[in-house]
Amino acid sequence: PNAPPVLAIESSCDDTGCAILDADGQVLGESLLSQESHAPLGGVVPEIAARAHLEALPALVDLTLERAGLQLDDIAVFAATTGPGLIGGVIVGSTYAKGLAMALNRPFMAINHIEAHVLTPRLPEPAQGPAMTSTKTDSTPPSPAFPYLALLMSGGHCQCVAVEGVGRYRQLGATIDDAAGEAFDKVAKMLGLGWPGGPAVEKLAREGDPHAYNLPRPLKGRAGCDFSFSGLKTAVARQIAPYGMAPLPRQVAADLAASFQQAVADVMVDRAANALALFPEATTLVVAGGVAANTVLRTRLQDLARAHGIGFQAPALRLCTDNAVMIGWAALEHLRQGGPAPDDLDLPPRPRW
Ligand code: KG4
Ligand code: ZN
């Protein structure tokens, strides 16, 4: 690598990640460990997560360096998620990265997890092999260009963000109760589908009729772009209640999954349309976060963008869910603004940011 690498750590929920990127955003090495100990418990247990991050990190950092063919001393900048997230995990990851930065006398950059999700669609695609001349060179600016509208939907967050530039964000709306992914996870649990629920609900929904149940579309048609999912979740529970302790017939579960997914999609499209009206400067609609991996939601939002005559972009599926590459990319975006790397050693880990 001709440019100094950034080593980044992610540990704000149940994924422990480490990634090394060069200054162009090429991923030199990456490792990601998704904690499995939470599945039997039906959700992330913060204390278990924090301990698991602590146990995994040293080996994960070593493995990532090995994959990149680098030594710790080759790293120019250390970065870590410093919030928002489950505070135990955030403390573990950011303190580990700060320790490395201090020991090697390199700068430490505190990265906001939400900002990383929102900027990740700009990460350059890897070059398509040596035979092809990559169109993305140093002089090609990352796309989408600013300004764009980001719809972040994950297990912990659900919000519309006007992205005007690096470090320039306006929250146009957010969830007033559950996050979208949380709703998927809770509905999956009710349908007996295990955890994490999003992918399971999507899969089962393919066998179901999205019009079988007339579920509510909370806040649809109202002004603004806040979200609400708890009423929808309760409506699903009400449909399941008559079955008592008996297992749900498969077709009922599939129809409920499909109807629920359709309701979420309708709400997302309605909220995003309002956000676009509030932020007409947006040239692209960007979706990010774990729920953005959902093909039905992606397709509906892509249609919305097309109807508005603007671009649509979603990160590669593996970059939608939590990972450390996005943390490294957010650090690079700030470094690309010019000036020396900020030294955030004194910045405390933040559960909310
Ligand atoms: O971004 P992420 O990995 O973690 C947070 O920062 O929260 O998002 C995880 C969430 C989980 O709630 C999971 O159920 C949901 O994303 N998810 C999905 C799909 N894949 C993951 N939800 C709906 N459809 C999917 N295909
Ligand atoms: Zn996330």
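Residues numbered from 1 in each chain as written. Chains lettered and ligands numbered in written order. Predicted model: local features only at pLDDT ≥ 70, side-chain atom pairs only at ≥ 80, totals over all residues.

## Some details on the overall build of the protein chain
For the protein chain, the count of helices and strands is 10 helices and 10 strands. Counting across all 353 residues of the protein chain, residues that qualify as buried make up 50%. Intrachain contacts of the protein chain at a sequence separation of at least 6 include 73% that bridge at least 24 residues. (Helix = DSSP H or I, 4+ residues; strand = E, 2+ residues; numbered from the N terminus. Buried ≥ 20, exposed ≤ 12 C-beta atoms within 10 Å, placed from the backbone. Contact = placed C-beta atoms within 7 Å.)

## Brief notes about the packing of helix H1 (residues 46–68) against helix H2 (residues 87–104)
Direction vectors running N to C along H1 and H2 enclose 20°, while the axes themselves pass 7 Å from each other. When the axis of H1 is compared with that of H2, the two are roughly parallel. Like other packed secondary-structure pairs, H1 and H2 cross with a definite hand, here right-handed. Note on element contacts: H2 touches H1 through Gly-88, Gly-89, Val-92, Gly-93 and Tyr-96, opposite Pro-46, Glu-47, Ala-49, Ala-50, His-53, Leu-54 and Leu-57. Its residues assigned to classes, the contact of H1 with H2 comprises seven nonpolar, four polar and one charged. (Axes fitted to C-alpha atoms, helices over the stretch in contact; angles between N-to-C directions. Parallel < 35°, antiparallel > 145°, perpendicular 65-115°, else oblique. Left-handed = near helix turned anticlockwise from the far one by under 90°. Nonpolar A, V, L, I, M, F, W, Y, C, P; charged D, E, K, R; others polar.)

## What to know about the site of ligand 1
What surrounds ligand 1 is a group of 19 residues, the closest being Ser-154, Gly-155, Gly-181, Gly-198 and Gly-290. Here the shell around ligand 1 gets four residues from one element, more than from any other, and that element is helix H5 (residues 197–205). Tallied by class, residues from the shell around ligand 1 come to six nonpolar, 10 polar and three charged. When residues of the shell around ligand 1 are sorted by domain, at least three fall in each of domain 1 (6–123 + 319–335) and domain 2 (148–314). (Near = placed C-beta within 6 Å. Domains from an automatic or database assignment.)

## Considering the sheet that holds strand E6 (residues 148–153)
The strand order across the open sheet formed by five strands is E8-E7-E6-E9-E10, and the pairing between neighbours is mixed. Strands with a single pairing partner mark the edges of an open sheet, and in this sheet they are strand E8 (168–174) and strand E10 (311–313). Going across the sheet, the axis of each strand differs from the next one's by a mean of 20°, ignoring polarity. When E6 meets strand E9 (residues 284–288), the two strands line up parallel, connected through four bridges. (Pairing = 2+ DSSP bridges.)

## A word on the UniProt feature "binding site: Fe cation" (unreviewed entry) in the protein chain
UniProt tags His-113, His-117 and Asp-322 as "binding site: Fe cation" (unreviewed entry). Spatial clustering of the annotated residues is evident: they stretch over 210 residues in sequence, but the largest pairwise C-alpha distance comes to 8.9 Å. Inspection of the secondary structure puts His-113 in helix H3 (residues 113–119). The residue His-117 is located in helix H3 in this model. Apart from residues no more than four positions distant in its own chain, His-117 is found in contact with Leu-152, Ser-154, Ala-288, Gly-289 and Met-326. (UniProt positions renumbered as here; feature names shortened; annotations may be inferred.)

## Focus on the confidence of the model for the protein chain
Predicted confidence across the protein chain gives a mean pLDDT of 92, with 95% of residues reaching 70 or more. Scored below 50 in pLDDT, residues 128–136 makes five contacts in the model with residues more than four places away or belonging to other chains. Reported confidence for the predicted complex is 0.98 by ipTM and 0.91 by pTM. (pLDDT = per-residue confidence, 0-100.)

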